[in-house]
Amino acid sequence: MRFRPLLTLLAVAALSLGANAAQAEPGGGEFPTDDDVNSVASKLYCPVCPNTPLDVCPTKACQDWRAQIRSQLESGWSEDQIINYFVERYGERVLAEPRTSGFTILVWLVPLFALIAGLLILRQFLIRWRVRSDPADLEESDLPKEVPPGVLRRIESELDDLR
């Protein structure tokens, strides 16, 4: 009996420590969180607003889509399954990033090829420009054989004016 207050105190301390540990455990909250929903929604675009990601769009349609994503996550759907569901219903236009397969691979490859071609053209232009602007590289055939007399008189008169 004399240990009863001490045992009660120890039991209360143990229970409070256990409750704090349970609260501190990650993943102990509800699933899915807003971050889970927004993680999927950020990979989709609004069906109404052009070029607006689903996770930041304030329209009613996007709120409904986010609610649908939440219920699909609660049902155990994976991120890929959810994205595929929306693509099947609304088409590839809802994807934030085009897929890297089939015809849409051109969205990734064409800019790369254009950049490479542009750099090659710029390189050729700079090489030719540098060669033409370097007087040491001029061939004898590029230089005039004689200076016309009118030009010679004009140069001499301008030099006289400078003196």
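S.K.: Explain the overall build of the protein here, please?
M.R.: Helices and strands together make up the secondary structure of the protein, namely six helices and zero strands. Start at the N end of the protein and walk to the C end: the helices and strands fall as α-α-α-α-α-α. Looking at the 163 residues of the protein, the share that counts as buried comes to 13%. In the protein, of all internal contacts separated by at least 6 residues, the share reaching a separation of at least 24 is 41%.

S.K.: Is there a simple way to explain the nonpolar core in this structure?
M.R.: Burial of nonpolar side chains together is a common tendency in soluble globular proteins. With 18 residues, the main nonpolar core has Leu44, Leu54, Ile69, Ile82, Ile83, Phe86 and Val94 as its most contacted residues. Those elements that provide at least two residues to this core are helix 2 (34–41), helix 3 (60–74) and helix 4 (79–90). Among the elements that line this core, the one with the most residues is helix 4, at five residues. Not counting residues up to four positions away in its chain, the partners in contact with Val94 are Lys43, Leu44, Tyr45, Trp65, Phe86 and Val87.

S.K.: I keep staring at the packing of aromatic side chains and nothing clicks. Help me out?
M.R.: The description of two aromatic rings rests on the distance between their centres and on the angle between their planes. Scanning the entire structure with this criterion turns up five aromatic pairs. Pairing Trp65 with Phe86 gives two aromatic rings, centres 4.7 Å apart and planes at 40°, and the pair type is tilted. Residue Trp65 is located in helix 3, and its partner Phe86 is located in helix 4; the two are separated by 21 residues in the primary sequence. With relative accessibility at 5%, the residue Trp65 sits in the buried group.

S.K.: Would you mind going over helix 2 with me for this structure?
M.R.: Note: α-helices contain 3.6 residues per turn, so residues at a spacing of three or four share the same orientation. Among all positions of helix 2, only Val37, Val40 and Ala41 are buried. For helix 2, the angular spread of buried residues about the axis comes to 100°, placing them on one side. Of the surrounding secondary structure, the elements contacted by the buried residues of helix 2 are helix 3 and helix 4.

S.K.: What am I meant to see in the confidence of the model for the protein here?
M.R.: In low-pLDDT regions, the fine details of the predicted coordinates are not to be read closely. For the protein, the mean per-residue pLDDT works out to 78, and 72% of the residues sit at or above 70. Averaged over each element, pLDDT in the protein is lowest for helix 1 (residues 4–24) (53) and highest for helix 3 (91). Segment residues 19–25 is flagged for pLDDT under 50; beyond a separation of four residues in sequence, or across chains, it makes zero contacts in the model.

S.K.: I would appreciate a short explanation of the environment of Trp77 in the present structure.
M.R.: Within the fold, Trp77 resides in the loop between helix 3 and helix 4. By relative accessible area, Trp77 is classed as partly exposed at 33%. In this view, Trp77 contacts Gln72, Ile82 and Tyr85; residues no more than four positions away in its chain are not counted.

S.K.: Could you clarify how one ought to interpret the side chain of Gln72 in this entry?
M.R.: Note that Gln72 resides in helix 3. Setting aside anything within four residues of it in sequence, one finds Gln72 in contact with Trp77, Ile82, Tyr85 and Phe86.

S.K.: Is there a simple way to explain the environment of Arg123 in this structure?
M.R.: Following the sequence through the fold, Arg123 ends up in helix 5 (residues 105–133). Residue classification places Arg123 among the partly exposed residues on the basis of a relative accessible area of 48%. A distance of 3.4 Å separates the side chain of Arg123 from the side chain of Gln124, its partner in a polar contact.

S.K.: Any chance you could explain the packing of helix 3 against helix 4 here in plain terms?
M.R.: At their nearest, the axes of helix 3 and helix 4 sit 11 Å apart, and the two run at 135° to each other. For the element pair helix 3 / helix 4, the angle class is oblique. Handedness of the crossing formed by helix 3 with helix 4: right-handed. Listed contacts from helix 4 to Trp65, Gln68, Ile69, Gln72 and Leu73 of helix 3 are Ile82, Tyr85, Phe86, Arg89 and Tyr90. Here the residues of the contact of helix 3 with helix 4 sort into seven nonpolar, two polar and one charged.

Calculation criteria
Residues numbered from 1 in each chain as written. Predicted model: local features only at pLDDT ≥ 70, side-chain atom pairs only at ≥ 80, totals over all residues. Heavy atoms only, no water. Helix = DSSP H or I, 4+ residues; strand = E, 2+ residues; numbered from the N terminus. Buried < 20%, exposed > 50% of the residue type's maximum accessible area, 1.4 Å probe, protein only. Contact = heavy atoms within 4.5 Å. Core = buried A, V, L, I, M, F, W, Y, C linked by side-chain atoms within 4.5 Å. Phe/Tyr/Trp six-rings, centres within 6.5 Å; stacked < 30°, edge-to-face > 60°. Arc of directions from axis to C-beta. pLDDT = per-residue confidence, 0-100. Polar contact = N/O pair within 3.5 Å; in protein donor to acceptor, adjacent residues only side chain to side chain. Axes fitted to C-alpha atoms, helices over the stretch in contact; angles between N-to-C directions. Parallel < 35°, antiparallel > 145°, perpendicular 65-115°, else oblique. Left-handed = near helix turned anticlockwise from the far one by under 90°. Nonpolar A, V, L, I, M, F, W, Y, C, P; charged D, E, K, R; others polar.

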